[in-house]
Amino acid sequence: MADVAKAQAGLSLEWRPIRSHSTTYTGGPVYYRNPSSLLYCSCGDDVSVVSTTTGAETRRLGKEGDGMFCFAVDSTEQHVVTGHRSLLLRHWSLATGEELAAWKAHDQLVTSMDFSSDSKYVASGSIDKSVKVWDVRGHFCTHNFRGHQNIVSHVKFHPSKLVVVAVSEDFVIKLWDLRSSSQMAVLTDHLATIASISIFASDIGTVLVTGSRDQICNVWSVDQQKKLKSIPAFESVEGVACFSTKVLAAAAKSSSKDCKWLTGKDCPSFVVGTVGSKSQFRLWSPSGTCLATRPSPHAVKGSFRRLLAITDGTQAMTIGEDLSFVVWSMPDMEPVRHLMGCNDEVLKVMWLPPPPSEEEVEPTKLVAVCNDEVARVIDTSTWSATFLKGHTDVVLTCDLSKNGHWMVTGSKDNLAKIWNLESNKVAATLSGHNGAVTAVAFPKKRKDLGWVLTGSGDRTIKMWTLPNLEGVSEPVEVKESKFARAAHEKDVNCVVVAPNDKLFATGGQDKVVKIWRLADCDLVGTCVGHRRGVMWVAFSPVEQVLASASGDKTVKLWNLKDHSCLKTFQGHEQSVSCVSFLSNGMQLLSAGSDGLVKLWNIRNTDCIATYEDHEDRIWSFDMRGEHMCSAGSDGKIICWKDVSVEVGEQRAVEVAEEQAKDTRIDQLQRSGDTVGAVNLALELRRPALMKKILEDYVMKSLEKAMSSEEPGAHHALLQRWVAGLSDEKLAILMEFIAKWMANAKNSSVATQLLHMVLQAHDGGRITKLEGINHLLTSSSEYMKRHVARVSGLQQKSYILDFVLQLGGMVALPEIQTDALSTTMKALYEDDSDVEDAMDEVVEPQCFRMSVDDSEPSSGEDEEPVAQSPRLVGKKAKKAQNGTKKKVRKSGP
């Protein structure tokens, strides 16, 4: 109920990831199949299967500890064959993700594979210079072709014949015929590495297109086994693909662009697409004429890696050096979708504000800055992105206007740029810094732009007055700033504007936080106390306080009136990268280089929760209402939601259910249904309650057994209950037994139940229980200690028995009393128990000896003893000592 109250009071209890995007492609082969719209990518040591519709990974195939180098997918998308570091080929079922078979293929690593059109065979090329063909169902080799003089880099099946095309690193192409098990032809013309091949069935026959780093693209006739044409690309060709002009002409009817090269008598039956070192996507006629050219939308200077013809040739897909996928519509060659494969390091993320009419709707779009020269607008529902190209060096930071129509970015090219997010184009460029622009900030209160703040590695901050940027067609150059201040002694890491637009704060590598007046950029105060650079600062939405995150692993809270440190939050294991207030101003969220997101209570500086969903440094997070996005060095972008209300209600329901079950247990126990009560306690995982129920039942049963009503009935009932336990309940019981065995007071119950379990269940069933080895090992170790302890107590009991037998015959001398006291201390842990036991054993005997065995004495000597025969504790000892003295005096 307390959690519900906290949630209703506006306090956050728990955040949960609702969706995320992580790396799905790290370089290597890529396959795209049209029917299912699935993209098969090499991701580390595994094959990642990604839905191009949702951008989510649907399946991952791989063997832990055995890296994957290449793979092939059959035309039916039922089977995948992968080549591994262990020199094994593994056959997988795509429907279940199960490994069907594994066998050794080559003497060295496999470099390339391809399925035949009927999905019965798979060809593999290897570093051992051989080409082998395998029966997929039987998992045996049908052909072993040797003849290459260098590493085989590419293998490809003929689209309709049992012919394999193989390319080696010595720039030689060989055609192998499976029917005759012989070499059909040798094609040589290239002078450098052949980077890509494509086989296409055209009107003039089957053609083979090869793209090489000798800047030549060759067209070969597979049927005639000769070169048809050499196309000079004037760039290192990294990818080639063939497109049918008939298919493109049909698609052009719905295109808004006029593709004149598709009309006319000279239109070829196919065209060749190339991508290369000039960062251009081009279409060529087989005769060598360039038909169309488009610039690369990829990051990392636009470098390409691969080109694929997809969706029956009506679309193309390019893979860039930035490890992202761009889908192009054909024949107009326009990018229609951008899928993220690997984001490298994500330096900054921010939620894009939804339209005013949709403020209550969950945000789905965000902007991200990665470790390249391109900023991204990402739709998290499909994980597709729009790339904003304009900077010439790595973009470091960004900020959004209040209405979400404008974005400012800072880069290592010493420039800040203003972007119109409706057109995704640069509206203005701010130049004037002499170092990388590391911090930018828009107003937080006003919706129009007006001005922008920037901080730089040149240790200065500047305020820029912005012109009206609505409707500008060309970027506006702004070279003069309104204010410029030398802010810090080292790099400026962050600039943050207060919610009321009256103050702004900066943090730098010089370990200080500075507060500035926004109207004239004058310094208001300095907050000193951090021992490392200040990475981020945040203003409270309700109080006049400021939070700062630092490389000294702490978060500090500062008073804006006197700039003193109010509180320090410690808990991160490495530097803290970012911090933010929750909307109520009573809690903080922080994230750092340890990959942890921490939720703090400001009142008592307690860490309420820690989240470990990131695998590396977290660079940034952003909050909008009950939603948060975070990103970092692991390339992962995670969208979170505050589920405090739901968690509070769920916990209240669980508490109510447990209370009801506790009441039910009490009712069952009172009605004598011990088995039902124990089962319910076991289900609730209440070891203490269960032990109490068992002890009460055993004590009552022993009383009945002593009266000979039902001798041994309790033992039989418990044995039947233990024998009828399911595997799940038996595992829980074994956990309880191991826990009880660790305590001497509970060891007797644990020992009896363990004995019953071993009697009722065979060893095979017990050994299958999860974690049973650890439980039995710990239980046996504790049992050895308990046996040793009981044996020691048994030996000590002989002394006690001997003393008790002597007590009725002679008076105990002082030395015997001391010995008995020592024995009692060995048997009892509590001193009060020792005193009580001594009173019960010693004093009654002394009383009888002084009355019966000593000589008569005067009444005043006997009266104190006779009136207090049952004194205990210290009073009894004093009475005993007094009596002994008087007895000695009255003797002869």
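Computed from a predicted model, the values in this text were never measured in an experiment. (Residues numbered from 1 in each chain as written. Predicted model: local features only at pLDDT ≥ 70, side-chain atom pairs only at ≥ 80, totals over all residues. Heavy atoms only, no water.)

Undergrad: Which parts of the structure should I look at to understand the pairing of strand β29 (residues 334–340)?
TA: One face of the sheet, then the other: side chains in a regular strand alternate in exactly this way. Bridge count for strand β28 (residues 324–329) against β29 is 6 bridges, and the pairing is antiparallel. From the neighbouring strand, Ser-329 faces β29, where its bridge partner is Glu-334. Remark: 4 residues form the turn of the hairpin made by β28 and β29, two consecutive strands paired antiparallel; Met-333 in that turn has positive phi of roughly 60°. (Pairing = 2+ DSSP bridges. Helix = DSSP H or I, 4+ residues; strand = E, 2+ residues; numbered from the N terminus.)

Undergrad: What exactly am I supposed to notice about the sheet that holds strand β15 (residues 163–168) here?
TA: Each strand in a sheet pairs with its neighbour through backbone hydrogen bonds, running either in the same direction (parallel) or in the opposite one (antiparallel). A sheet is described by the order of its strands in space; here 4 strands give the open sequence β14-β15-β16-β17, paired in antiparallel fashion. Among the strands making up the open sheet, the edge pair consists of β14 (152–157) and β17 (182–188). Looking at each pair of strands side by side, their axes are set apart by 20° on average, direction ignored. Pairing between strand β16 (residues 172–177) and β17: 6 bridges, direction antiparallel. Paired with Val-172 across the bridge in β17 is Thr-188. (Axes fitted to C-alpha atoms, helices over the stretch in contact; angles between N-to-C directions.)

Undergrad: Would you explain the confidence of the model for the chain in this entry?
TA: The predicted structure's coordinates, where accompanied by low pLDDT, should not be read in detail. A residue-level look at the chain finds 87% of positions with pLDDT of 70 or above and a mean pLDDT of 85. When the criterion is pLDDT under 50, residues 809–813 qualifies, and its contacts beyond four places in sequence or with other chains add up to 7 contacts. Here residues 840–892 is modelled with pLDDT under 50, and outside its nearest four sequence neighbours on either side it reaches 47 contacts, counting other chains as well. (pLDDT = per-residue confidence, 0-100. Contact = heavy atoms within 4.5 Å.)

Undergrad: For this particular structure, what's the right way to read the side chain of Asp-552?
TA: Relative to the helices and strands, Asp-552 is located in the loop between β48 (545–550) and β49 (554–559). No salt bridge forms around the buried Asp-552; measuring N to O, its nearest opposite-charge neighbour Arg-531 is 4.4 Å away. Within polar-contact distance, the side chain of Asp-552 engages the side chain of Ser-550 at 3.1 Å. Polar side-chain contacts of Asp-552 include one of 2.7 Å to the side chain of Thr-554. The residues contacting Asp-552, other than those within four sequence positions of it, are His-530, Arg-531 and Arg-532. (Buried < 20%, exposed > 50% of the residue type's maximum accessible area, 1.4 Å probe, protein only. Lys, Arg positive; Asp, Glu negative; His and termini not counted. Salt bridge = Lys/Arg side-chain N within 4 Å of Asp/Glu carboxyl O. Polar contact = N/O pair within 3.5 Å; in protein donor to acceptor, adjacent residues only side chain to side chain.)

Undergrad: When you look at helix α3 (residues 644–670) in this model, what are you seeing that I'm missing?
TA: The periodicity of an α-helix, 3.6 residues per turn, causes residues three or four positions apart to be oriented the same way. Over its 27 residues, α3 extends 39 Å from the first C-alpha to the last, a length consistent with the 39 Å expected when each residue adds 1.5 Å. Restricting attention to buried positions, one finds in α3 the residues Ser-644, Val-647, Gly-648, Ala-652, Ile-665 and Leu-668. Gly-672 occupies a position one or two residues after α3 and carries a positive phi of about 90°. (Expected span 1.5 Å × (residues − 1).)

Undergrad: Help me understand unusual backbone geometry, please; the structure alone is not making it clear to me.
TA: Peptide bonds are, in most cases, trans, and in most cases residues other than glycine have a negative phi. A cis amide bond links Met-330 with the next residue in sequence, Pro-331, at an omega value of 10°. Phi angles above zero are rare outside glycine, and His-563 is one such case at about 60°.

Undergrad: It is not clear to me how the side chain of Thr-245 should be interpreted in this structure. Could you clarify?
TA: Structurally, the position occupied by Thr-245 is in helix α2 (residues 245–252). A polar contact is formed between the side chain of Thr-245 and the backbone oxygen of Ser-269, at a distance of 3.1 Å.

Undergrad: What is the right way to look at the nonpolar core in this model?
TA: For soluble globular proteins, the rule of thumb is that nonpolar side chains tend to be buried together. Within the largest apolar cluster, 37 residues are counted, with the highest numbers of intra-cluster contacts made by Met-690, Trp-721, Leu-733, Ile-737 and Leu-753. When residues of this core are traced back to their parent elements, those giving at least two are α3, α4 (674–683), α5 (687–706), α6 (713–723), α7 (727–741), α8 (747–760) and α10 (772–807). When residues no more than four places from it in sequence are discounted, the contact partners of Met-690 are Val-678, Ala-681, Leu-682, Trp-721, Leu-733, Phe-736 and Trp-740. Judged by nonpolar contacts, the second largest core, of 25 residues, contains Phe-71, Val-81, Leu-89 and Trp-134. (Core = buried A, V, L, I, M, F, W, Y, C linked by side-chain atoms within 4.5 Å.)

Undergrad: Before we go on, may I ask you to explain the sheet that holds strand β9 (residues 99–104) in this structure?
TA: Spatially, the 4 strands line up as an open sheet ordered β6-β7-β8-β9, and their pairing is antiparallel. The sheet is open, and its two borders are formed by β6 (68–73) and β9, each paired with just one other strand. Along the sheet, successive strands turn relative to each other by an average axial angle of 20°, direction set aside. Inspection of the sheet shows strand β8 (residues 88–93) paired to β9 by 5 bridges, in the antiparallel sense. What sits directly across from His-91, in β9, is Ala-101.

Undergrad: Before we go on, may I ask you to explain empty space enclosed by the protein in this structure?
TA: It is a probe the size of a water molecule, rolled over the atoms, that shows where empty space is left. Following the criterion strictly, the structure yields 1 cavity of 30 Å³ or more and no others. Space inside the largest cavity adds up to approximately 70 Å³. His-21, Thr-24, Leu-39, Cys-41, Val-50, Gly-55, Phe-325, Leu-339, Met-340 and Trp-383 are the residues that line the largest cavity. When contributions to the lining of the largest cavity are tallied by element, the ones reaching two or more residues are β3 (38–43) and β29. (1 Å grid on protein atoms, 1.4 Å probe; cavity = no way out; pocket = protein on both sides within 12 Å on 5 of 7 lines; lining within 4 Å. Points joined across faces, edges and corners; volume = space filled by probe spheres on them.)

Undergrad: How should the pattern of salt bridges be read in this particular structure?
TA: Once their charged atoms are close, side chains differing in charge can pair, the charge on each being opposite to the other. Applying the stated criterion across every chain, the model contains 24 salt bridges. In this structure, Arg-16 engages Glu-14 in a salt bridge whose closest nitrogen and oxygen atoms are separated by 3.2 Å. A salt bridge links Lys-636 to Glu-615; the shortest N-O distance between them is 3.7 Å. With Lys-636 in the loop between β56 (627–632) and β57 (637–642) and Glu-615 in the loop between β54 (606–611) and β55 (618–624), this pair connects stretches of sequence that are 21 residues apart. Residue class for Lys-636 comes out buried when judged on its relative accessible area of 13%. A cluster of three or more residues bridged by salt bridges with shared partners is formed by Lys-63, Asp-66, Arg-90 and Glu-99.

Undergrad: Hey, could you run me through the environment of Leu-694 in this one?
TA: Take Leu-694: it is sitting in helix α5. For Leu-694 and Ala-677, which are 17 residues apart along the polypeptide, the C-alpha to C-alpha distance reads 9.5 Å. Ignoring any residue separated from it by four or fewer positions in sequence, one finds Leu-694 in contact with Val-678, Leu-718, Val-749 and Leu-753.

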